[in-house]
Amino acid sequence: MIGQKTEFLKGQEFFVEITGLGTSGEGVGRVNGFTVFVQGVLPGEIAKIQLSVVKKNYAVGTLLAIAKDSPERVEPRCPVFGKCGGCQLQHLSYKAQLEAKREQIQAALIRIGRLPFVDIQPVLSEAPIWYYRNKMLFPTGGVPGQTLLGCYARASHLVIDTKECFIQDPMNNKIMNTTREWMNDYKIQPYAPNAQIGIIRNVMGRVGVKSGEVMAAIVTNGEQVVHINELIARLKKRIPNLASVVQVMNTSKSNVVLRGKTVLLYGKETISDSIGKFKFNVSAKSFFQINSLQTEALYDAAVKMARLTGRETVVEVYCGTGSISMFLAEKARSVIGIELSEEAVGDAWENARANGCDNAEFIAGDAAVELPKLAQDGVKADVVVLDPPRAGCDNKVIEALFSMTPKRIVYVSCNPASLARDVGLLAEQGYVLTKVQPVDMFPMTSHVECVALLEKR
């Protein structure tokens, strides 16, 4: 039995009771107050582990055996679960997944936001929990004739060859398997990032869930790809609704996959999809929520929290391509979207025109600069909607937000930790977090989205 923190050494073996889940789906336990993280175990289980990493305030253990199973443990559906890093919770019943995600949000708000009590609603989950991803972006690996194609292994760049991803739309799986077969048949060289050699870096599939249209994209380390017409022919034969095949030429050393020149190889440059009654054109590089059906639930929750009567001016910060803006504009007097990416703002204007939304406008720029400008021009926001990336809001954006003194702030978040941090900053300026609605956009994974309502005290 280990008595003190200083006695923890790499290679030690002991039993630990798992009391919770970490943000990446790992089990969390404590021994004499010392935190230990273990992959593959669930709350309520007793596990025999071996310490593989020991730090000052925590340790990481490798699972050796489970002495006591959780009643919520289930058999994973995917044969590469545990090796692949795409899913983290297939071994946990879906009911327990939803509760774990709710607890994850609550724990972040208490620990980081220092909020003792918040009304966190049950997690919304009405869409299918399998085959729900409308976008696939898988790396390649291996050698010519023995291509690996699938997700990375957890915490590495080792490619786990996958024949069927159970959270991907079936059409994306067809694109993956057809491309792998083509690469093997013609000895097309997969990309090796360390050596900077190989031609095929990534394979992407996009599906318009409502339209049925399918796009395939090949990310290449160069311009010329031999036998590319044979790949297009195979894709056309196996995917009846194939509407687009594009090539993204990425010769950079960056980990940003979809960068570089895009060339249309077959069909049209975009496919269409719908969220609610609104239609969107989606290109290879466009941002579009990966769970089309649950996105509608997420946006509906945001609009309900905004409590719009048709008289309000709404400012949406980090508006992206304007998808939430369409839902807000239907209920508000006017909507102003701010987004740093000029390309995304161009898409937002096009989406507004295509949907007949004439009371929304979009500004390309830094919200920390544009918000004070709007305030100086006499624009008073009744409601501000924040939809930042995973890192959360820039502090300067939050400071600029106060120049508009909105009555309500609706915060759409994909990361409970950054949400909790930002809510703490907003609380210092008199905003009270009154409600949180989680939405399960990513079943079988540890990720969760939520909508939070903050009201001026």
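Residues numbered from 1 in each chain as written. Predicted model: local features only at pLDDT ≥ 70, side-chain atom pairs only at ≥ 80, totals over all residues. Heavy atoms only, no water.

**Points about the pattern of salt bridges**
This structure, assessed with the given rule, holds 15 salt bridges. Here Glu-330 and Lys-277 are joined by a salt bridge, their closest N and O atoms 2.7 Å apart. Placement of Glu-330 in the loop between α5 (323–329) and β15 (334–339) and of Lys-277 in the loop between β12 (271–275) and β13 (278–282) is noted, with a sequence separation of 53 residues between them. For Glu-350, the salt bridge identified is with Arg-353, shortest N-O distance 3.3 Å. Highlighted residues: Glu-350 and Arg-353, both in helix α6 (residues 342–354), separated by 3 residues, approximately one helical turn. (Salt bridge = Lys/Arg side-chain N within 4 Å of Asp/Glu carboxyl O. Helix = DSSP H or I, 4+ residues; strand = E, 2+ residues; numbered from the N terminus.)

**Examining the nonpolar core**
Soluble globular proteins tend to pack their nonpolar side chains together in the buried interior. If you look at the biggest cluster of nonpolar residues, it comprises 87 residues, and the most contacted ones within it are Ile-200 and Val-410. Non-local contacts of Val-410, meaning those with residues more than four positions away in its chain, are made with Ala-302, Met-305, Ala-306, Val-383, Val-384, Val-385, Leu-386, Val-451, Ala-452 and Leu-453. Judged by nonpolar contacts, the second largest core, of 38 residues, contains Ile-120, Ile-336, Ala-367 and Ala-400. (Core = buried A, V, L, I, M, F, W, Y, C linked by side-chain atoms within 4.5 Å. Buried < 20%, exposed > 50% of the residue type's maximum accessible area, 1.4 Å probe, protein only. Contact = heavy atoms within 4.5 Å.)

**Quick notes on helix α2 (residues 170–185)**
Between its first and last C-alpha atoms α2 spans 23 Å; for 16 residues at 1.5 Å apiece the expected length is 22 Å, and the two agree. The complete set of buried residues in α2 reads Asn-172, Asn-173, Ile-175, Met-176, Thr-178, Thr-179, Arg-180, Trp-182, Met-183 and Asn-184. Elements that come into contact with the buried residues of α2 comprise β6 (135–143), β7 (146–149), β8 (200–207), β9 (214–220) and α3 (228–238). At the N-terminal end of α2, a side-chain oxygen is found 2.9 Å from the backbone nitrogen of Met-171, two or three residues along, and the residue is Asp-169. Immediately downstream of α2, the backbone of Lys-187 shows phi near 55 degrees, a positive value. (Expected span 1.5 Å × (residues − 1). Polar contact = N/O pair within 3.5 Å; in protein donor to acceptor, adjacent residues only side chain to side chain.)

**Some remarks on the sheet that holds strand β5 (residues 58–68)**
Sheets are built from strands paired through backbone hydrogen bonds, the pairs being either parallel or antiparallel. On the basis of which strands lie adjacent, the closed barrel formed by 5 strands has the order β1-β2-β3-β5-β4 and mixed pairing. Here the strands of the sheet are splayed against their neighbours by 50 degrees on average, with no regard to which way each runs. Both strand β1 (residues 13–21) and strand β4 (residues 46–54) contribute to a ladder of 5 bridges, which runs antiparallel. Looking at β4, one finds that Glu-13 is bridged to Gln-50. (Pairing = 2+ DSSP bridges. Axes fitted to C-alpha atoms, helices over the stretch in contact; angles between N-to-C directions.)

**Focus: the pairing of β4**
Relative to β5, β4 runs antiparallel, the two sharing 8 bridges. Within the sheet, the bridge partner assigned to Ile-49 lies in β5 and is Leu-63. Joining the antiparallel neighbours β4 and β5 is a turn of 3 residues.

**Some points on the environment of Ala-381**
Inspection of the secondary structure assignment puts Ala-381 in the loop between α7 (367–376) and β17 (383–386). Classification of Ala-381 as buried rests on a relative accessible area of 1%. Note: C-alpha distance between Ala-381 and Ser-323 (58 residues apart in sequence) is 19 Å. Once residues within four sequence positions are removed from consideration, Ala-381 is found in contact with Thr-313, Val-315, Met-404, Thr-405, Pro-406 and Lys-407.

**Quick word on the confidence of the model for the protein**
Considering every residue of the protein, the mean pLDDT works out to 94; 99% of them sit at 70 or more. Confidence drops under pLDDT 50 across residues 1–5; counting only partners more than four residues distant or on other chains, this segment forms 11 contacts. (pLDDT = per-residue confidence, 0-100.)

**Overview of the side chain of Asn-173**
Inspection of the secondary structure puts Asn-173 in helix α2. Here Asn-173 falls in the buried class, since its relative accessible area comes to 6%. Beyond its immediate chain neighbours, meaning those up to four positions away, Asn-173 contacts Tyr-131, Glu-164, Cys-165 and Gln-168.

**Topic: the environment of Gly-40**
You can see Gly-40 is positioned in the loop between β3 (34–38) and β4. Classification of Gly-40 as partly exposed rests on a relative accessible area of 30%. When the C-alpha positions of Gly-40 and Val-315 are compared, they lie 43 Å apart, and in sequence the two are 275 residues distant. Contact partners of Gly-40, with chain neighbours within four places excluded, come to Leu-63, Ile-66, Arg-73 and His-91.

**Let's talk about the packing of aromatic side chains**
The final tally for this structure, using the stated rule, is 10 aromatic pairs. Here the aromatic rings of Trp-130 and Phe-166 are separated by 6.5 Å at their centres, their planes lie at 80 degrees, and the arrangement is edge-to-face. With Trp-130 in the loop between α1 (94–111) and β6 and Phe-166 in the loop between β7 and α2, this pair connects stretches of sequence that are 36 residues apart. Take Phe-166: its relative accessible area is 12%, and that puts it in the buried class. (Phe/Tyr/Trp six-rings, centres within 6.5 Å; stacked < 30°, edge-to-face > 60°.)

**Considerations on unusual backbone geometry**
A positive phi angle is found at Lys-187, which is not glycine, with a value near 55 degrees. Mapped onto the secondary structure, Lys-187 falls in the loop between α2 and β8. When its relative accessible area of 54% is taken as the criterion, Lys-187 is described as exposed. A positive phi angle, close to 65 degrees, is found at His-227, a residue other than glycine. As for its placement among the helices and strands, His-227 is situated in the loop between β9 and α3.

**Notes on the sheet that holds β6**
With mixed pairing, the 6 strands of this open sheet are ordered in space as β7-β6-β8-β9-β10-β11. Unpaired on one side and paired on the other, β7 and β11 (261–267) mark the two borders of the sheet. The sheet shows a mean angle of 20 degrees between the axes of neighbouring strands, taken without regard to direction. Bridge analysis of β6 against β7 gives 4 bridges, and the strand direction is antiparallel. From the neighbouring strand, Gly-141 faces β7, where its bridge partner is Leu-148. Running over the sheet, α2 touches β6, β7, β8 and β9 and is turned about 150 degrees from β8.

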